[in-house]
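Coordinates in review
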Amino acid sequence: MYTQYKPTNHVATPFIFFTGKGGVGKTSIACATAVALADQGEKVLLVSTDPASNLQDVFGIELTREPIAIPTVKNLFASNIDPEEAASAYREKTVGPYRDKLPASVINQMEEQLSGACTVEIAAFDAFSHLLADDNLFDQFDHVLFDTAPTGHTLRLLALPTAWTGYLNESTHGASCLGPLSGLGDKKAMYEKAVQSLSNPKKTTLLLVARPELATLVEANRASLELRAIGIKKQLLLINGLLQTHDTTDTIANHFYQGQQEALKQMPEELTQIEIVTVPYVSYSLTGIDSLRQLVGDNLSAKIETEIPDIKLQPLAELKDLIKEFSINNTRVIFTMGKGGVGKTSVAAAIAVGLIEKGHKVHVTTTDPAAHLDYTFQNREISRDLTVSSINPEAEVEKYKKQVITAAGDLNEEELAYLQEDLASPCTEEIAVFRAFAEVVDGAEQEIIVIDTAPTGHTLLLLDSSEAYHKEMTRSTGDVPASVKKLLPRLRNPDETSVVIVTLPEATPVFEATRLQEDLKRAKIVPKWWVINRSFYATGTTDTILQARAATEKQWISKVQTELAESCALIPWMKDVNINMTN
């Protein structure tokens, strides 16, 4: 149906960027591409700016910011830029000059504004902009591969004149996670040159990496449209992990294969207009040069021997154990949190049903389309004590943007354009949606509230600090509604509120969930329960490929169980959302 991905056939530009949701395999594909090109005699530099990157594990060598030759692959060099470290240096450069000149509360607000994902991305873009703008790089390398790509939002923001002025120093609206950018003024020309390289189809190819799952395809489509709109039009969609063959006598394998095929049929129309290539679903671990070569090579059936640690797992809790604890403790507010695509909605639904079965009245609210929840809760008998509400993120964001822009007062054209783009950041959506959730919680008296998402610790600190900042600097327009002010302290009370982190038994989702937990702890919120969702290890599958994949899950299940979570529940992979998974 689709062409198999061959780097030497599909990528020829000097710069190659990989983008996609966490856990889709960007690092593996980037490494396999780099090895394939180097094997053809091309001199290749692979650069990672992904905080969850396992580049060092893949090549079995310690990497630094400076390019290092990979001993086992002639012509291949790699560099691992730590975006968190870069963001920390960026924060200090921006905030440092104000430390002795402004009140501590203002400094704290500035530092928190510079603690979000957008700032990390700006710092990462700053790091590889040096490469994109370096004409001498072509003399050293034939290809430079980047194991992540900037979002359209960041690129649009940096293209606006007001991003390079002190406007944000004088007008803080309480939503920004970028903070003042004037500290980068001396780099404007370099950024402009970098963006020009990105939008030059003779220089740059963008690989949109997705899995044959609807959530990752939708994210790839969003990134494709966003980046195409700012001129990055040379794009290739790579569908990673497409199951080629399976044991037709195994129910799990049949359902997994059919689910992938159904997701491909539902692919957004715009994605079908660009070239599509695939990489097969494999049973072996993608570490080591041999496995990388085979992944994009011609001999897919060759056996790859990989060492899988023989890990003995401790007995694992089930979702019903988590629900029993919530029922006994009479927990009143429950959040399910995690990166997109890990199954927060289905876990939230299962928790709600389990609590109803224990005699509680439950209100479940989500940003998922209401029709999906209506389908999930179609059993009317269990729905008598259930209230379901759905929050439309787009509507809430628009309402919030209007409020902020109105409160900002008279702005010139450039300042308004900057404010509008600044409000396109992920933190804006988190704040707007959380305000809507807070209203739901505020209005519920006799029900347990189950909320299918929550803002990061960074956003909660932004909301919390904006109130203190408002008291210090009356020009701030980041007013916090009464419902949010009431909910913030409730979130920090473990007797009343519980945050459930949902993840998958894979490297990147676990790393992302770990950072999420650390972020929440900064906001004085300590999750007790982790839920590991969609585990093949828990299914008892007999399919050879899926069994091998199940074996690789054990190290991540063990890591969550022994290092990260106070309590941990495991849910097997299922074909459909099953709200009775607690039985």
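It should be emphasised that the depicted structure is a prediction, and the values quoted were computed from it without experimental measurement.

Our focus in this paragraph is the sheet that holds strand S3 (residues 44–48). In spatial order, the strands read S1-S9-S8-S7-S2-S6-S3-S5-S4; together these nine strands make up an open sheet with mixed pairing. Each of the sheet's edge strands pairs with one partner strand only, and the pair in question is strand S1 (3–4) and strand S4 (68–69). Relative to strand S6 (residues 143–146), S3 is paired through four bridges, and the arrangement is parallel. From the neighbouring strand, Leu45 faces S6, where its bridge partner is Val144. Running at roughly 155° to strand S2 (residues 15–19), helix H6 (residues 117–132) makes contact with S2, S3 and S6 of the sheet.

An order of S12-S11-S13-S10-S14-S15-S16 is seen for the seven strands of this open sheet, with the pairing classed as parallel. Looking along the sheet, the strands with just one partner apiece sit at the ends: strand S12 (386–390) and strand S16 (567–572). Neighbour to neighbour, the strand axes of the sheet diverge by 20° on average, direction disregarded. Seen against the sheet, helix H22 (residues 507–522) touches strand S10 (333–337), strand S14 (497–503) and strand S15 (529–535) and runs at an angle of roughly 160° to S14.

This paragraph deals with the packing of helix H19 (residues 426–443) against helix H21 (residues 482–491). Where H19 meets H21, the closest approach of the two axes is 9 Å, and the angle between their N-to-C directions is 85°. With respect to H21, the element H19 is oriented roughly perpendicular. Residues Phe434, Arg435, Ala438, Glu439, Val441 and Asp442 of H19 touch H21, and the partners they reach there are Ser483, Val484, Lys486, Leu487, Leu488, Arg490 and Leu491. Of the residues assigned to the contact of H19 with H21, the class counts are seven nonpolar, one polar and five charged.

Inspection of the secondary structure assignment puts Thr503 in strand S14. Reaching out from Thr503, the side chain makes a polar contact with the backbone oxygen of Pro509 at a distance of 3.1 Å. Residues contacting Thr503, with those up to four places away along its chain left out, are Val342, Pro509, Val510, Ala513, Trp530, Val531, Ile532 and Asn533.

Turning our eyes to something else, we now look at the confidence of the model for the protein chain. Scored by pLDDT, the protein chain has a mean of 84; 87% of the residues are at 70 or more. At the level of individual helices and strands, the protein chain shows its lowest average pLDDT in helix H9 (residues 167–170), which scores 46, and its highest in strand S8 (residues 235–242), which scores 97. Low pLDDT, under 50, characterises residues 167–175; the predicted model gives this stretch 38 contacts beyond four residues in sequence or across chains. Segment residues 469–477 is flagged for pLDDT under 50; beyond a separation of four residues in sequence, or across chains, it makes 19 contacts in the model.

Before going further, it helps to spend a moment on the packing of aromatic side chains. Counted according to the given criterion, the structure contains 10 aromatic pairs. When the ring of Phe15 is compared with that of Phe146, the centres are 6.3 Å apart and the planes differ by 40°; the resulting orientation is tilted. You can see Phe15 sitting in strand S2 and its partner Phe146 sitting in strand S6, a full 131 residues away along the chain. Each member of the pair Phe15 and Phe146 is classed as buried. An angle of 85° between the planes, with centres 5.2 Å apart, marks the rings of Phe256 and Phe536 as edge-to-face. With Phe256 in helix H12 (residues 251–265) and Phe536 in the loop between S15 and helix H23 (544–564), this pair connects stretches of sequence that are 280 residues apart. Accessibility expressed as a relative area gives 8% for Phe256, which makes it buried. Aromatic rings pair up to connect Phe256, Tyr281, Phe536 and Trp573 into one cluster. One residue, Lys43, lies across the ring of Phe141, its end atom 5.8 Å from the ring centre.

This next bit is on the pairing of strand S9 (residues 276–280). Extensive coverage of S9 is indicated by the burial of five of its five residues. Side-chain alternation along S9 places Ile276, Thr278 and Pro280 on one buried face and Val277 and Val279 on a second face that is also buried. As paired elements, S8 and S9 share five bridges and run parallel to each other. By the bridge assignment for S9, Leu238 is matched with Val277. Chirality of the crossover, the property in question, places the unit of S8, H12 and S9 among those that are right-handed.

Formed by 49 residues in total, the largest nonpolar core has its most connected members in Phe17, Phe125, Leu132, Val144, Phe146, Leu237 and Met267. Looking at which element gives the most residues to this core, the answer is H6, with eight residues. Other than its neighbours up to four places away in sequence, Val144 contacts Pro14, Phe15, Ile16, Leu45, Val47 and Leu137. Formed by 39 residues, the second largest nonpolar core is a distinct cluster that contains Cys31, Ala34, Val44 and Tyr284.

The full count for this structure, using the stated rule, is 16 salt bridges. Two residues, Arg222 and Glu219, come together in a salt bridge whose shortest N-O distance is 2.7 Å. Pair noted here: Arg222 and Glu219 are both in helix H11 (residues 214–229), with a separation of three residues, about one helical turn. Residue Lys361 pairs with Asp385 through a salt bridge whose shortest N-O separation is 3.3 Å. Here Lys361 is found in the loop between helix H15 (344–357) and strand S11 (362–366), whereas its partner Asp385 is found in the loop between helix H16 (370–376) and S12, with 24 residues between them in sequence. The exposure class of Lys361 is partly exposed, given its relative accessible area of 45%. A relative accessible area of 30% means that Asp385 is categorised as partly exposed.

What follows covers unusual backbone geometry. Positioned with a positive phi, Asn75 is a non-glycine residue whose angle comes to about 80°. With respect to the element layout, Asn75 can be found in the loop between S4 and strand S5 (76–80). Although it is not a glycine, Asn330 adopts a positive phi angle of roughly 55°. The topology assignment puts Asn330 in the loop between helix H14 (319–329) and S10.

In this section: a negative patch on the surface. Residues Asp82, Glu84, Glu85 and Glu518 make up a contiguous surface patch of negative charge. Tracing the backbone shows Glu85 in helix H4 (residues 83–95).

Compared with the 22 Å implied by 1.5 Å per residue over 16 residues, the 23 Å span of H22 between its first and last C-alpha is a close match. Buried within H22 we find Ala507, Pro509, Val510, Glu512, Ala513, Thr514, Leu516, Gln517, Asp519 and Leu520. Looking one or two residues beyond H22, the residue adopting positive phi is Lys524, at roughly 65°.

Quick look at the packing of H14 against H15 now. Their axes nearest at 9 Å, the elements H14 and H15 cross at an angle of 55°. If you check the angle between H14 and H15, you find them oblique. Note that H14 runs across H15; the crossing there is right-handed. Residues Leu319, Leu322, Ile323, Phe326 and Ser327 of H14 form the contact with H15, whose participating residues are Val347, Ala350, Ile351, Gly354 and Leu355. Per-class residue counts for the contact of H14 with H15 are eight nonpolar, two polar and no charged.

What counts and what doesn't
- Chains are numbered independently. Their residues run from 1 in the order of the written sequence.
- Note on the predicted model: pLDDT of at least 70 is required for a residue's local features to be given, and 80 or more for side-chain atom pairs to be given and counted; whole-chain, interface and lining totals, by contrast, use all residues.
- Hydrogens are left out, water is left out, and the side-chain values use all remaining heavy atoms of the structure.
- Two strands pair if DSSP finds at least two bridges between them.
- Only runs of H or I of at least four residues qualify as helices and only runs of E of at least two qualify as strands under DSSP, and these elements are numbered from the N terminus.
- Contacts are assigned to residue pairs with any non-hydrogen atoms lying within 4.5 Å of each other.
- Where helices are involved, their axes are fitted lines through C-alpha atoms of the stretch in contact, as for all axes, and angles between N-to-C directions lie from 0 to 180°.
- Working rule for angles: under 35 degrees goes down as roughly parallel, over 145 as roughly antiparallel, 65 to 115 as roughly perpendicular, anything else as oblique.
- Nonpolar residues are Ala, Val, Leu, Ile, Met, Phe, Trp, Tyr, Cys and Pro. Charged residues are Asp, Glu, Lys and Arg, and all others, Gly as well, are polar.
- Whenever a nitrogen or oxygen atom comes within 3.5 Å of another N or O atom, the pair is scored as a polar contact, on the condition that within protein one atom can donate a hydrogen and the other can accept it, and that pairs from neighbouring residues in sequence are kept only if both atoms are in side chains.
- Confidence of the predictor at the level of single residues is given by pLDDT, which spans 0 to 100.
- Centres within 6.5 Å are what make two rings of Phe, Tyr or Trp a pair, Trp counting through its six-membered ring; a difference in plane orientation under 30 degrees is then read as stacked, over 60 as edge-to-face, and the rest as tilted.
- Each residue gets one of three labels from its accessible area relative to the maximum for its type: buried under 20%, exposed over 50%, partly exposed in between, using a 1.4 Å probe on protein chains only.
- Distance and angle both matter: a charge sits over a ring if NZ of Lys or CZ of Arg is within 6 Å of the ring centre and within 35 degrees of the ring normal.
- For the handedness criterion, the strands are oriented away from the viewer, and a crossover whose path from the first strand over the helix to the second runs clockwise is classed as right-handed.
- We define a nonpolar core as any set of buried Ala, Val, Leu, Ile, Met, Phe, Trp, Tyr and Cys residues linked to one another through side-chain atoms lying within 4.5 Å.
- Salt bridges, as used here, are contacts in which a Lys or Arg side-chain nitrogen is within 4 Å of a carboxyl oxygen on Asp or Glu.
- A patch is a set of surface residues, each over 30% in relative accessible area and not in a salt bridge, joined within 9 Å for like charges and within 5 Å for the nonpolar side chains Val, Leu, Ile, Met, Phe, Trp and Tyr.
- To measure how exposed things are, a 1.4 Å probe is used in the Shrake-Rupley method; for residues, cover is taken only from the protein chains shown.
- Here Asp and Glu are counted as negative and Lys and Arg as positive; His is not counted, and neither are the chain ends.
- Positions of charges follow a simple convention, taking NZ of Lys, CZ of Arg, CG of Asp or CD of Glu.
- Expected helix span is given by 1.5 Å per residue-to-residue step, counting one fewer step than there are residues.
- Each helix crossing is assigned a hand: it is left-handed if the near helix lies turned anticlockwise from the far helix by less than a right angle, otherwise right-handed if that turn is clockwise.

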